[in-house]
Every structure is written in C-alpha cells, then in structure tokens.
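Below, each chain spelled out in residue letters.
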Amino acid sequence: MPDVLLINPNTRLALTSQLVAQIDAMQLVPGLRLHGATASFGDDYIASERSYVVAAHAVVDIWQAHLALYGRPDAVLVACFGDPGVWALREMDRVPVMGLAEAAMREADELGPFGIVTGGAAWGPMLERLARGMRLGGHDHLRAVRTVDASGGMLSAQPAVGRPLLTRACQALLEDDRAQSPDKPLASVIVGGAALAGWAAQMQADSPDVPLIDSVEAGARWLQRVL
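An account of the accompanying structure is given in this report. (Residues numbered from 1 in each chain as written. Predicted model: local features only at pLDDT ≥ 70, side-chain atom pairs only at ≥ 80, totals over all residues. Heavy atoms only, no water.)

### Details of the overall build of the chain
Then comes step 1: What the chain contains, in helices and strands, is nine helices and eight strands.
Then comes step 2: For the chain, the residues scored as buried account for 53% of the 227 residues in total.
Then comes step 3: In the chain, the proportion of contacts linking residues at least 24 apart, taken out of those at least 6 apart, comes to 70%.
Then comes step 4: Carbon and sulfur atoms form 52% of the exposed surface of the chain, whose accessible area is close to 10,100 Å². (Helix = DSSP H or I, 4+ residues; strand = E, 2+ residues; numbered from the N terminus. Buried < 20%, exposed > 50% of the residue type's maximum accessible area, 1.4 Å probe, protein only. Contact = heavy atoms within 4.5 Å. Areas by Shrake-Rupley, 256 points an atom, 1.4 Å probe, with all protein chains shown as cover.)

Laid out in structure tokens, this is it:
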C-alpha cells in the first residue's frame, strides 16, 4: 500500500486533519495511507513573504523527522497553495514531491490560459513568481491572479462571508479577462488555498462557462498519477 507524507506548513492542526480526511474521501488511490504532519513553528496560516520563508524551514524539518521515524514515503504532498520547501525537498531526495500550487497550475496549464483567485493580498506577486519558474506551456498561461485581502484561513473561518467574497473576485477576474482578451478567454480558474478545499465546486454554479479547479483536489489527482 502506498505511503504518502502530507505536510501542512501552517501550524493549524485542525487543517491537517481536514486535508487528510478530504483526500481520503476522494478514494483516488486504493489502499493509500496518508501521514499528516503539521509545522511545529511558524504562522497559523501563511500569508506573507516572511511566513513563507519560515514555513519552508518547517517543511524541511518535518521531512527530516519523518525519515528518521518512519523511513522514506512513496510521495510527499506539501499542502499549501504556494509550495514552500518543495524545491528543497526535491534537492534532498528522489521521492516525488508536489505542492498544491504547482499541481493546480500544471493541471490548468493543460487546458490553456488560466487565472487564480485566492485569499491574501501578498500572494499575488508570490504566485506569479512561482509560475515563472515552472515553465508552463505558454508565457501568458497564468494570465491573472485576483486576491482578496482576507487570507484563506480568515475566509474559511467565516465561509458565509468568505465564499461570496471570493466568488465576486472570480467573476470580476473573468469579466476583466473577457474585456481584454475576447478572442482567447481563460480556459479555467484555480481556486487556491489549503483551507478552501471544496469551495471550487460550490462556486462553480456562479461561473458555469469556465471550469474552476480546486487546488487540494488537484494535489490529490497528482498523487493518483504518481502512485
């Protein structure tokens, strides 16, 4: 049976349990054993350059502790829409490693130009920088990142307020794109955020013409492929 290390770079223990349960419920990999691990230091929810750097350190620490206690897993999923520490782990070992942002972006990239909606204003330039390093199918495939000021953690804490807020951001992104690129509109929009798993499906009815990609589900589909 495949063993997977799921690393939550945030310090929020409840989020780790939530992510493990959500991926288990998808039943994409028969016999999958998910070992969830939570950062022991850093921020409750990553939403800045500073907290991102600290989270990368925590990811490396979790990896080293897991190796010492349990040995090498079959794959590692870094459960943050921003992928802190992913490249460090790839440098350290041959085990397949993926983050939620790269998994979702590569899935969206196969469909054509895409956009991203997520929580936390600082994530806009951070995600654009990450995409530039990924060598996507087209130089303009990540066409726009639309953020709201509240972090994903804040949005998930009040979904009755947060979900309509993110839905309006998604609709605004699509409207702006249609005005600027009427001949080649966005092929998909990623709803990014570890704490926002399941929101893409709930928001889809308000954007029926464009598929919305859930970053956590994209990470789970990557596990299915790699395992």
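### Notes on the pairing of strand S2 (residues 33–38)
Then comes step 1: Inspection of the sheet shows strand S1 (residues 3–8) paired to S2 by six bridges, in the parallel sense. Looking at S2, one finds that Asp3 is bridged to Arg33.
Then comes step 2: Since S1 and S2 lie parallel, the crossover through helix H1 (residues 13–26) that links them has a hand, and here it is right-handed. (Pairing = 2+ DSSP bridges. Right-handed = clockwise from strand over helix to strand, strands pointing away.)

### Observations concerning the packing of helix H4 (residues 100–109) against helix H9 (residues 215–226)
Then comes step 1: Across the interface, H4 lies against H9 with an axial gap of 8 Å and an inter-helix angle of 85 degrees. The orientation of H4 relative to H9 falls into the category roughly perpendicular. From H4, Leu100, Ala103, Ala104 and Glu107 reach across to H9, where they touch Ser215, Val216, Ala218, Gly219, Arg221, Trp222 and Arg225.
Then comes step 2: The residue inventory of the contact of H4 with H9, partitioned by class, reads six nonpolar, two polar and three charged. (Axes fitted to C-alpha atoms, helices over the stretch in contact; angles between N-to-C directions. Parallel < 35°, antiparallel > 145°, perpendicular 65-115°, else oblique. Nonpolar A, V, L, I, M, F, W, Y, C, P; charged D, E, K, R; others polar.)

### Let's talk about the environment of Ala108
Then comes step 1: Among the secondary structure elements, Ala108 is positioned in helix H4.
Then comes step 2: Taking the relative accessible area as the measure of exposure, Ala108 reaches 0% and is therefore buried.
Then comes step 3: Separated by 84 residues in the primary sequence, Ala108 and Gly192 place their C-alpha atoms 12 Å from one another.
Then comes step 4: Once residues lying within four places of it in the same chain are set aside, the contact partners of Ala108 are Phe114, Ser188, Ile190 and Ile213.

### Focus on the nonpolar core
Then comes step 1: Ranked by internal contacts, the top residues of the largest apolar core, which has 46 residues, are Ile23, Met105, Ile116 and Ile190.
Then comes step 2: In this structure Ile23 touches Leu6, Leu32, Leu34, Leu77, Val216, Ala220 and Leu223, once residues within four positions along its chain are discounted.
Then comes step 3: In this structure, Leu173, Val189, Leu196 and Ala200 belong to the second largest nonpolar core, which totals 18 residues. (Core = buried A, V, L, I, M, F, W, Y, C linked by side-chain atoms within 4.5 Å.)

### Some points on H4
Then comes step 1: The buried fraction of H4 amounts to nine of the 10 residues, a majority that puts the element mostly inside the structure.
Then comes step 2: What H4 keeps buried is the set Leu100, Ala101, Glu102, Ala103, Ala104, Met105, Glu107, Ala108 and Asp109.

### Looking at the sheet that holds S1
Hydrogen bonds along the backbone pair up the strands of a sheet, which may run parallel or antiparallel.
Then comes step 1: Spatially, the four strands line up as an open sheet ordered S2-S1-S3-S4, and their pairing is parallel. Lying at the two open borders of the sheet, with one neighbouring strand each, are S2 and strand S4 (97–99). Each adjacent strand pair in this sheet contributes to an overall mean axis angle of 20 degrees, direction not counted.
Then comes step 2: Bridge analysis of strand S3 (residues 75–78) against S4 gives three bridges, and the strand direction is parallel. When the sheet's bridge partners are listed, Val78 is paired in S4 with Gly99.
Then comes step 3: The strands touched by H1 are S1, S2 and S3; relative to S2, the strand with the most contacts, the crossing angle is about 165 degrees.
Then comes step 4: Strand contacts of H9: S1, S3 and S4, with the helix running at about 170 degrees to S3, the strand carrying the most contacts.

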